[in-house]
Amino acid sequence: DSVPRHRVYLSNAAVDATDGLLCIGTSLAVHSAFRLAKRAIGRGVPVAILNVGETRLEREGLGVGTGNEDGAISKSLVTKVESPIGPTLREVVNILERMEEL
């Protein structure tokens, strides 16, 4: 099934307006998710990925370049956290709660 055109438009507009993209629990194997991450990188927007296992961005070498005039993408644009989602997000919430108490 293809993604409805209006949803593609809204998703692209959201990526265009953001200053960072967070991808949680996805290998980005689905073309629509991959395309959004690739769009963000192409616009110089940092992408953070929380996932266990290789992602399509890694397989295709996106976000692992050195950032040169030849169009290689800066490695600093993509941050990957190789960790299980549930425990990792619980720890993030715990940290934020502790910070709030300060």
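Up top is the structure.
Predicted model only: the values in this text are computed from it and were never measured. (Residues numbered from 1 in each chain as written. Predicted model: local features only at pLDDT ≥ 70, side-chain atom pairs only at ≥ 80, totals over all residues. Heavy atoms only, no water.)

**Q** I'd love a proper account of the overall build of the protein chain, names of residues and values included.
**A** Looking only at helices and strands, the protein chain features four helices and three strands. Each helix (α) and strand (β) of the protein chain, taken in turn from the N terminus, gives the series α-β-α-β-α-β-α. The buried share of the protein chain, taken over its 102 residues, is 24%. Of the contacts formed within the protein chain by residues at least 6 apart in sequence, a portion of 67% connects residues at least 24 apart. When the accessible surface of the protein chain is summed, it comes to about 7000 Å², and 55% of that surface belongs to carbon and sulfur atoms. (Helix = DSSP H or I, 4+ residues; strand = E, 2+ residues; numbered from the N terminus. Buried < 20%, exposed > 50% of the residue type's maximum accessible area, 1.4 Å probe, protein only. Contact = heavy atoms within 4.5 Å. Areas by Shrake-Rupley, 256 points an atom, 1.4 Å probe, with all protein chains shown as cover.)

**Q** Residue-level account of the environment of Val-30, with values.
**A** Among the secondary structure elements, Val-30 is positioned in the loop between strand E1 (21–24) and helix H2 (31–42). Taking the C-alpha atoms as reference, Val-30 lies 8.8 Å from Arg-56; in sequence the two are 26 residues apart.

**Q** Tell me what's going on with a nonpolar patch on the surface, and back it up with residues and numbers.
**A** There is a patch of nonpolar side chains on the surface, built from Leu-22, Ile-24, Ile-85, Leu-89, Val-92, Ile-95, Leu-96 and Met-99 and spanning about 670 Å² of accessible area. Of the residues forming the nonpolar patch, the biggest block, six residues, is contributed by helix H4 (residues 85–101). Turning to its location among the elements, Ile-24 is positioned in strand E1. Note on Ile-24: relative accessible area 37%, which makes it partly exposed. (Patch = residues over 30% accessible without salt bridge, like charges linked within 9 Å, V, L, I, M, F, W, Y side chains within 5 Å. Salt bridge = Lys/Arg side-chain N within 4 Å of Asp/Glu carboxyl O.)

**Q** Just give me the short version of the nonpolar core, but keep the residues and values in it.
**A** Leu-28, Val-47, Ile-49 and Leu-57 are the most contacted members of the largest nonpolar core, which totals 15 residues. Elements supplying a minimum of two residues to this core: E1, H2 and strand E2 (47–51). If one sorts the elements of this core by residue count, H2 sits on top with four residues. Not counting the four nearest positions on each side in its chain, Val-47 is found in contact with Leu-21, Cys-23, Ala-37, Ala-40, Ile-41, Leu-77, Val-78 and Thr-79. (Core = buried A, V, L, I, M, F, W, Y, C linked by side-chain atoms within 4.5 Å.)

**Q** So, the packing of helix H1 (residues 5–17) against H2: which residues are in play, and what are the values?
**A** Axis separation between H1 and H2 bottoms out at 9 Å; the angle between their running directions is 30°. By the angle between their directions, the pair H1 and H2 is classed as roughly parallel. Here the hand of the crossing between H1 and H2 comes out right-handed. Of the residues in H2, those in contact with Ser-11, Asn-12, Val-15 and Asp-16 of H1 are Leu-36, Arg-39 and Ala-40. Across the contact of H1 with H2, the residue classes tally to three nonpolar, two polar and two charged. (Axes fitted to C-alpha atoms, helices over the stretch in contact; angles between N-to-C directions. Parallel < 35°, antiparallel > 145°, perpendicular 65-115°, else oblique. Left-handed = near helix turned anticlockwise from the far one by under 90°. Nonpolar A, V, L, I, M, F, W, Y, C, P; charged D, E, K, R; others polar.)

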